[in-house]
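Now for the letters of each chain:
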Amino acid sequence: MKKIIKNTVVVLLVLTLSVSTAFLAYLHFFASEDEELSGEWTAELDMTEQAAVTALSWLQDIEAVSISLKDMESYMQDLTIQINLTLEQTGRSEGSFRCYVLPESYDACNQAAYEAFARAFQALLTERLLMAGYTGSTDQETIEALVTETFGMSTVSYLMSCGPALLPSLEELQTQYDGSGVYEFAEGVLTRQFDVDGSVVTKVESYMRNDVNLILSEENGAVSGGFLSDRSPMVYTLRQPQDQ
């Protein structure tokens, strides 16, 4: 009887060790892949609300015909700037990185914002002309011709020259997002150290990887060295091989 019990205990221990070994092996070879951050990631910085609010404020200041924020947002849609983040893991929980705002994406977003602003401006101008008794054509070409005749330039050029800056400057965004250096990650926290003009700036973010998405959310009080802060989470998508 004792021999049977002893054999049973030995078998259970062996099974337990086998299961534990298999589980640890799984964690090492498979679960660790979930923590793998290496790759080229892309995020879209949404500028729609900022551009709409800025444009609306300017129109209200010049006492244009009333327009709501919702109306302005209907003109300005999907205004995004691309931010690229490359992570190269060199150790189990560390590596190097490079992050930058794509200038071409900024230029395209800025142009799209002013083109949308121009459409809203022309609509309000048309409304004001009609209120003043204007009886001529109100098609887009005619209104554009009136603007050009009045200001000596197109609506887009006029708003770019005399209107508000709808987006932060490229330099401001580059100050906030551009940089390279080294990083460490552990227990859902990503720490990046930027090399900025010979000094080190540290940025600490909570991170969560979900398949091809990497969500970075800056922790309160986690930035040192004067680095500009963005409290809203950034969702980076892993670029596919054909896009690299």
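Look a little higher up for the structure.
Residues numbered from 1 in each chain as written. Predicted model: local features only at pLDDT ≥ 70, side-chain atom pairs only at ≥ 80, totals over all residues. Heavy atoms only, no water.

Participant: So, the packing of helix 2 (residues 48-61) against helix 4 (residues 103-131): which residues are in play, and what are the values?
Facilitator: In a packed pair of helices, the relevant descriptors are the angle between the two axes and the axis-to-axis distance. Where helix 2 contacts helix 4, the two axes come as close as 11 Å, and the packing angle between them is 30°. By the angle between their directions, the pair helix 2 and helix 4 is classed as roughly parallel. The two elements helix 2 and helix 4 meet at a crossing, and its hand is right-handed. In contact with Ala55, Trp58 and Leu59 of helix 2, helix 4 contributes Phe117, Phe121 and Leu124. (Axes fitted to C-alpha atoms, helices over the stretch in contact; angles between N-to-C directions. Helix = DSSP H or I, 4+ residues; strand = E, 2+ residues; numbered from the N terminus. Parallel < 35°, antiparallel > 145°, perpendicular 65-115°, else oblique. Left-handed = near helix turned anticlockwise from the far one by under 90°. Contact = heavy atoms within 4.5 Å.)

Participant: Outline the pattern of salt bridges, supporting the account with residue identities and numerical values.
Facilitator: Under the counting rule described, the total for this entry stands at three salt bridges. Note that Arg239 and Glu40 form a salt bridge whose closest N and O atoms lie 3.3 Å from each other. On the criterion of sequence distance, the pair formed by Arg239 in the segment after strand 8 (234-238) and Glu40 in strand 1 (residues 39-46) is long-range, its members being 199 residues apart. Glu218 is the partner of Lys203 in a salt bridge, and the nearest nitrogen-oxygen pair spans 3.9 Å. You can see Lys203 sitting in strand 6 (residues 199-210) and its partner Glu218 sitting in strand 7 (residues 213-224), a full 15 residues away along the chain. (Salt bridge = Lys/Arg side-chain N within 4 Å of Asp/Glu carboxyl O.)

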